[in-house]
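Architecture and fold: a report
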Amino acid sequence: MSLHRRGRAALVLALVAVVAMAFRVSWNALRDIANAVGADDTAAMLYPFVVDGLMALALVATLVLAGRDRTFALRVLGTYTVASLVLNYVHGLVPKLHDTQLDWTRLADWDPANWALVLLATSLPVGSIYFGSDLVAKVLHHRPAPITVPDANAEESTEKLRNRSTADLAVSTPAPTPALPVRMPDPVTVDFLKSTPLAKHLPTPAPTPVAAIERRPVAAESTRPRRATGRVPEVARSARPRRTAAQLLDEARSATADWVDGQITAEGIRRTVRTSPANARMLRDTLLAERAAKAA
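Residues numbered from 1 in each chain as written. Predicted model: local features only at pLDDT ≥ 70, side-chain atom pairs only at ≥ 80, totals over all residues. Heavy atoms only, no water.

1. Things to note about the overall build of the chain
- A count of helical and extended segments in the chain gives eight helices and zero strands.
- Ordered by position from N to C terminus, the α and β elements of the chain give α-α-α-α-α-α-α-α.
- Counting across all 296 residues of the chain, residues that qualify as buried make up 19%.
- Residue pairs at least 24 apart in sequence account for 65% of intrachain contacts in the chain once pairs closer than 6 positions are excluded. (Helix = DSSP H or I, 4+ residues; strand = E, 2+ residues; numbered from the N terminus. Buried < 20%, exposed > 50% of the residue type's maximum accessible area, 1.4 Å probe, protein only. Contact = heavy atoms within 4.5 Å.)

2. Considerations on unusual backbone geometry
- Phi at Arg-274 takes a positive value of approximately 60°, unusual for a residue other than glycine.
- Position of Arg-274 among the secondary structure elements: in the loop between helix 7 (266-273) and helix 8 (277-295).
- What makes Arg-274 exposed here is its relative accessible area of 64%.

3. Quick look at the pattern of salt bridges
- In the structure shown here, the tally under the stated rule is ten salt bridges.
- In this structure, Asp-134 and Lys-138 form a salt bridge, with 3.9 Å as the shortest nitrogen-oxygen distance. Taken together, the positions of Asp-134 and Lys-138, both in helix 4 (residues 111-140) and four residues apart, correspond to about one turn of that helix.
- You can call Asp-134 partly exposed: its relative accessible area is 23%.
- Residue Arg-284 pairs with Asp-285 through a salt bridge whose shortest N-O separation is 3.2 Å. (Salt bridge = Lys/Arg side-chain N within 4 Å of Asp/Glu carboxyl O.)

What follows is the structure, given as structure tokens:
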């Protein structure tokens, strides 16, 4: 186990060393490219970290993520690897880029090629911000799938259940005895055209008188279901007489004699006089009009 861990650690260290040396080799080319597209000394010094640094981040994300997220990380890694390769290739083709005092120059003599290379070099920092943030978010929200450990007792428990399902009888169940066929009597032919006379005349019994059944009135049952709510029948209503408008107004006057104008509302009059909302509004308007006339 210790040898296996040491081998893996040595492999990781070797990979880190190779990546560091490759980063140092690519450093000059990417720095000169940044100077050629107009970056200052500080920006040109940080430009290699933008390109090759995102490649290292995409490599780590590829080792951590799985499924579609891993495919996305591989695409980012491949895209920035190709972009770094193109910029290093251009740096080797253009001798002017090797000058240490280079400020701004063309990356290619043909205008479309120069425009494409400038667009590539200037879009890599923006892409690093976008893709780097996305990869970091995917790594932080990644939940590894649980590892299922095989149960050593699974096969044994299955065998026990299989043994329990078998019969415990020492003697097998006897085979069922087949039922013997039952012979039916032969059919008798009956002649429907000629009637057979009775051998002996049987006396007819006298009818027994039966008392008549008395009919009683029974309330008819309605087949229609009775509604839960409906109009109250006249018989069930109270015998309280209806009050006229004058009576309602007199009761409202006496009930609201000590009320202020703000307390005279339709709801208050309805509860006090016990009348309908429409009558309560009519009483409210009448009382307020009378008080306004008295005040004038």
